[in-house]
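Architecture and fold: a report
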Amino acid sequence: MKYVLVSGGTSTLGKAICKLFIAEEQTVYCAYSSSEQKALELQQELGPLLKPVFLDVRDQSSIDTVASQLTSLDVLVNNSGIFSVYPVEELSTAEIQRIFDVNVTGLMRMVKAMAPLLQASKGSIVNIASINAFHPGFGGTSHYDASKGAVVSYTKSLASELAPHVRVNAVAPGLLKAPYLDETNALRKLYEERSLLGSLVDADQVALVVQLLANCSAMTAEVVTVDSGYLAG
Ligand SMILES: NC(=O)c1ccc[n+]([C@@H]2O[C@H](COP(=O)([O-])OP(=O)(O)OC[C@H]3O[C@@H](n4cnc5c(N)ncnc54)[C@H](OP(=O)(O)O)[C@@H]3O)[C@@H](O)[C@H]2O)c1
């Protein structure tokens, strides 16, 4: 039995990740910061191996509280992330800090708190980046793109620092399927036109790669793109 912690566990991607680890019969701590109801509903759906936990990645003490309650941890999936769109001339310092506080510093706070548990279990970390780390988004996302670039470089540095006991990898998803991206959506059309596979990305397919990185003992310091061939298009 392994113990897995997924931050942002009730998000589109978080849910797909929780489902796959539950299917492997692992115990999954599904962390939420504001979506307690969604976490309880997910527990109803997936059963008692899913354990909802409150955790705000902006607050080290809330993370430390969770860490102190865990007896063991094998896999940490840093999936929490926030996004906004502002052209550079309208982008405030407060907004830049808000995005970095969750997407970058929050992830580093999680690692600081969970590293001792992961070192004890010889576990692994999977960080969720984005293809925006490598390629501009559709405009107004420079701050978000930079935050995901930081996740990529942090992943590689951390892998080196925590080797050989803890493996650290990242997944860089393309644009995920979501109800708001219906067939008339302009963003969706642009994405479908450029990607080699002509489609948005299914969260389940990203979760498969997260699971692979968590399980494959020969992979560390890797960033795997799951984007329906968008970057290659
Ligand atoms: N959607 C995409 O197309 C896409 C593409 C590439 C990469 N990504 C990345 O994939 C990850 C998941 O994306 P998604 O679209 O599935 O997410 P989402 O549905 O937008 O949900 C965001 C998640 O982040 C959590 N979160 C926000 N602030 C938090 C905080 N202060 N502390 C802890 N958790 C916090 C939320 O938890 P609560 O609801 O409980 O507050 C929620 O679970 C993110 O890192 C995102 O940047 C997404």
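Per an unreviewed UniProt entry, the protein goes by 3-oxoacyl-(Acyl-carrier-protein) reductase and derives from Sphaerochaeta globosa.

1. Concerning the pattern of salt bridges
When the charged atoms of two side chains with opposite charge come close together, those side chains can pair. Inspection of the entire model under this criterion finds six salt bridges. Where Asp56 meets Arg58, a salt bridge forms, and the shortest distance between an N and an O atom there is 2.7 Å.

2. Thoughts on the site of the ligand
Around the ligand lies a shell of 27 residues, among which Ser33, Ser34, Ser35, Asp56 and Ser80 are the nearest. Separating a nitrogen atom of the ligand from a side-chain N or O atom of Arg58 is a distance of 3.4 Å. One nitrogen or oxygen atom from the main chain of Leu176 is found 2.9 Å from an oxygen atom belonging to the ligand. The cavity that encloses the ligand is the largest pocket. At the level of elements, α1 (12-23) and α5 (142-162) are the ones that each hand at least two residues to the shell around the ligand. Along the lines of polarity and charge, the residues of the shell around the ligand split into twelve nonpolar, twelve polar and three charged.

3. Some details on the sheet that holds strand β2 (residues 27-32)
Within the open sheet, the seven strands sit side by side as β3-β2-β1-β4-β5-β6-β7. Their pairing is parallel. For this open sheet the edge positions go to β3 (50-54) and β7 (223-226), each flanked by a neighbour on one side alone. Taking each pair of neighbouring strands and ignoring which way they run, the sheet shows an average axis angle of 20°. Sheet topology places strand β4 (residues 75-78) next to strand β5 (residues 124-128); four bridges connect them, and they run parallel. Considered in β5, the bridge of Val77 is made with Val126. Packed onto the sheet, helix α2 (residues 36-46) meets β2 and β3 and runs at close to 170° relative to β3.

4. Quick word on helix α7 (residues 203-215)
For α7, which comprises 13 residues, the first-to-last C-alpha distance of 18 Å matches the rise-based estimate of 18 Å (1.5 Å per residue) to within 8%. If you check which residues of α7 are buried, you get Ala203, Val206, Ala207, Val209, Val210, Gln211, Leu213 and Ala214. Against the buried residues of α7 lie α1, β4, β5, β6 (167-173) and β7.

5. A word on empty space enclosed by the protein
If you walk through the whole model with that rule in mind, you get one cavity of 30 Å³ or more. Looking at the largest cavity, its volume works out to about 40 Å³. In terms of lining, the largest cavity is formed by Ser7, Val57, Asn78, Asn79, Ser80, Val102, Asn103, Gly106, Leu107 and Met110. When residues of the lining of the largest cavity are assigned to their parent elements, the largest contribution, five residues, is made by helix α4 (residues 93-121). Class assignment of the residues belonging to the lining of the largest cavity gives a composition of four nonpolar, six polar and no charged.

Criteria and cut-off values
- Sequence order sets the numbering: in each chain, residues are counted from 1 along the sequence as written.
- Thresholds applied to this predicted model are a pLDDT of at least 70 for local features of residues and 80 or more for the giving and counting of side-chain atom pairs; totals over whole chains, interfaces and linings are not thresholded and use all residues.
- Where side-chain values are given, they derive from all heavy atoms of the structure, hydrogens and water being excluded.
- Whenever Lys or Arg places a side-chain nitrogen within 4 Å of a carboxyl oxygen from Asp or Glu, that contact is recorded as a salt bridge.
- If even one non-hydrogen atom of a residue comes within 4 Å of a molecule or strand, that residue is called near it.
- As used in this structure description, the phrase polar contact means that two N or O atoms lie within 3.5 Å; if the pair is within protein, one of them must be able to donate a hydrogen and the other to accept it, and residues adjacent in sequence are counted only when both atoms belong to side chains.
- Both cavities and pockets are sets of points on a 1 Å grid over the protein atoms alone; in a cavity a 1.4 Å probe fits but cannot get out, in a pocket the set is open with protein on both sides within 12 Å along at least five of seven lines, and lining residues sit with an atom within 4 Å of a point.
- A molecule is counted as occupying a cavity or pocket when more than half of its atoms fall within 2 Å of that pocket's grid points.
- Secondary structure elements are defined from DSSP: runs of H or I of at least 4 residues count as helices, runs of E of at least 2 residues count as strands, and each element is numbered from the N terminus.
- Ten residues, namely Ala, Val, Leu, Ile, Met, Phe, Trp, Tyr, Cys and Pro, are considered nonpolar, four, namely Asp, Glu, Lys and Arg, are considered charged, and the remaining ones, Gly among them, are considered polar.
- Think of it this way: DSSP has to see at least two bridges between two strands before they count as a pair.
- Angles here are taken between N-to-C directions and fall from 0 to 180 degrees, while the axes themselves are lines fitted to C-alpha atoms, restricted in helices to the stretch in contact.
- Two residues qualify as a contact provided that any one of their heavy atoms is within 4.5 Å of a heavy atom in the partner residue.
- Helix span, expected: 1.5 Å multiplied by one less than the number of residues in the helix.
- Only protein chains enter the accessibility calculation, which uses a 1.4 Å probe; a residue whose area is less than 20% of its type maximum is buried, one above 50% is exposed, and one in between is partly exposed.
- Grid points are joined across faces, edges and corners, and a volume is the space filled by probe spheres set on the points.

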